[in-house]
Amino acid sequence: MSKFKTFTEEHEELWKFVKFCFAGVFSFGIQYIVDVFFHYVVFRGLQGQTVDNDVLRFLGIDSQMDAAYAYFIAAAVGYTISFILNRKVTFGSNNGVTSSFIMYIIMVVATVFIAAWMKGIFTAVAAKMGYENKISDFIIFVLVTTIPFLWTYPLQRFVIMKKTAEEVAEEE
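Let me begin by describing the structure that accompanies this report. (Residues numbered from 1 in each chain as written. Predicted model: local features only at pLDDT ≥ 70, side-chain atom pairs only at ≥ 80, totals over all residues. Heavy atoms only, no water.)

## Focus: the overall build of the protein
Move 1: Helix and strand content of the protein: eight helices and zero strands.
Move 2: Along its sequence from the N terminus, the protein presents helices and strands in the succession α-α-α-α-α-α-α-α.
Move 3: The 172 residues of the protein split such that 34% are buried.
Move 4: Residue pairs at least 24 apart in sequence account for 72% of intrachain contacts in the protein once pairs closer than 6 positions are excluded.
Move 5: In the form shown here, the protein has an accessible surface area of approximately 10,100 Å², with 70% of it arising from carbon and sulfur atoms. (Helix = DSSP H or I, 4+ residues; strand = E, 2+ residues; numbered from the N terminus. Buried < 20%, exposed > 50% of the residue type's maximum accessible area, 1.4 Å probe, protein only. Contact = heavy atoms within 4.5 Å. Areas by Shrake-Rupley, 256 points an atom, 1.4 Å probe, with all protein chains shown as cover.)

## So, the environment of Lys16
Move 1: Take Lys16: it is sitting in helix α2 (residues 12-42).
Move 2: Residue Lys16 is classed as buried on the basis of its relative accessible area, which comes to 7%.
Move 3: In this structure the C-alpha to C-alpha distance between Lys16 and Asn86, which are 70 residues apart in sequence, comes to 9.2 Å.
Move 4: Among residues more than four places away in sequence, those in contact with Lys16 are Thr90, Phe91, Tyr153 and Arg157.

## A few points about the packing of α2 against helix α4 (residues 65-90)
Move 1: Between α2 and α4, the least distance of the axes is 8 Å, while the angle of their chain directions is 155°. Considering their axes alone, α2 and α4 lie roughly antiparallel with respect to each other. Judged by the twist between their axes, the crossing of α2 over α4 is right-handed.
Move 2: Residues of the contact of α2 with α4, tallied by class, amount to 16 nonpolar, seven polar and four charged. (Axes fitted to C-alpha atoms, helices over the stretch in contact; angles between N-to-C directions. Parallel < 35°, antiparallel > 145°, perpendicular 65-115°, else oblique. Left-handed = near helix turned anticlockwise from the far one by under 90°. Nonpolar A, V, L, I, M, F, W, Y, C, P; charged D, E, K, R; others polar.)

## With respect to the packing of α4 against helix α5 (residues 97-128)
Move 1: As a packed pair, α4 and α5 sit with axes 10 Å apart at the nearest point and diverge in direction by 145°. Between α4 and α5 lies a crossing of right-handed hand. Note on element contacts: α5 touches α4 through Val97, Ser100, Phe101, Tyr104, Val108, Thr111, Val112, Phe113, Ala115, Ala116 and Lys119, opposite Ala67, Tyr71, Phe72, Ala75, Tyr79, Ser82, Phe83 and Arg87.
Move 2: Taken together, the residues that form the contact of α4 with α5 break down as 14 nonpolar, three polar and two charged.

## Digging into a nonpolar patch on the surface
Move 1: Taken together, the side chains of Ile114, Trp117, Ile121, Val125, Met129 and Tyr131 present a nonpolar region at the surface, about 560 Å² in accessible area.
Move 2: In this structure, Tyr131 sits in the loop between α5 and α6 (134-146). (Patch = residues over 30% accessible without salt bridge, like charges linked within 9 Å, V, L, I, M, F, W, Y side chains within 5 Å. Salt bridge = Lys/Arg side-chain N within 4 Å of Asp/Glu carboxyl O.)

## Topic: the packing of aromatic side chains
The geometry of an aromatic ring pair is captured by the separation of the ring centres together with the interplanar angle, meaning the angle of the planes.
Move 1: Counted under the stated rule, the structure contains 19 aromatic pairs.
Move 2: Judged by centre distance (5.2 Å) and plane angle (85°), the ring pair of Phe17 and Tyr153 falls under edge-to-face. Of the two residues, Phe17 sits in helix α2 while Tyr153 sits in helix α7 (residues 149-160), which places them 136 residues apart along the sequence.
Move 3: By relative accessible area, which is 32% here, Phe17 ends up partly exposed.
Move 4: With a relative accessible area of 11%, Tyr153 lands in the buried category.
Move 5: Consider the rings of Phe28 and Phe141, whose centres lie 5.4 Å apart with planes at 45°: the pair is tilted. Separated by 113 residues along the polypeptide, Phe28 in helix α2 and Phe141 in helix α6 bring together distant segments of the chain.
Move 6: Residue classification places Phe28 among the partly exposed positions, given a relative accessible area of 22%.
Move 7: You can call Phe141 buried: its relative accessible area is 1%.
Move 8: Members of the aromatic cluster, each reached through a chain of ring pairs, are Phe17, Phe20, Phe91, Phe149 and Tyr153.
Move 9: Directly above the ring of Tyr40 sits Lys134, whose terminal nitrogen or CZ lies 5.2 Å from the centroid. (Phe/Tyr/Trp six-rings, centres within 6.5 Å; stacked < 30°, edge-to-face > 60°. Lys NZ or Arg CZ within 6 Å of the ring centre and 35° of its normal.)

Written out as C-alpha cells, the structure is:
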C-alpha cells in the first residue's frame, strides 16, 4: 500500500476536509468565471441600476442589479457542481439523494441570500471608499464565497451528506 493511501486511511476526516476544499476551489473557479461573464457581458446594460425587487429589498439586498443577478446565477452553478462532487467523491454519501438534495437546496438558498446581502454591503463600502474596480470586485467575491464555508462544511458533512447507519457499521 502506498504511503499516500495509508495516510488518507489513517486520517480519513482530514482527507474528507481536503477533498471538500479541492471541490470548493474547483467550483469556486467555475462560479467566478460564470459571475464575471454575467456581470460584465450578459448584464452589462444593467450596470448602475439598483435592484428593484421587494423580496430582495426586504432582505436588505440593495446592490447593483448586474452584480446581484450575476451572483445568483453563478452561485447556482457553483453550488450545483459542489453538490455533485461532494456527494460521492468527498463524503461518499449513501443517504437518499432526494432528501439530501432538498436539504442542500435549503442550505444553498439561505447561503446565497446571506452572501448576496454581504456582497451588497461590501460593494457599497468599497464604493464609498473609492474602490470600484476589478480587484475590489474579486476581493469581495472571495469574501462572500469563503465566509459561508464556516457553516456549509459542517452542514454537508454531518447533516446533508451523511452516510446511513448500515454503511457506517460495515466500515467498522
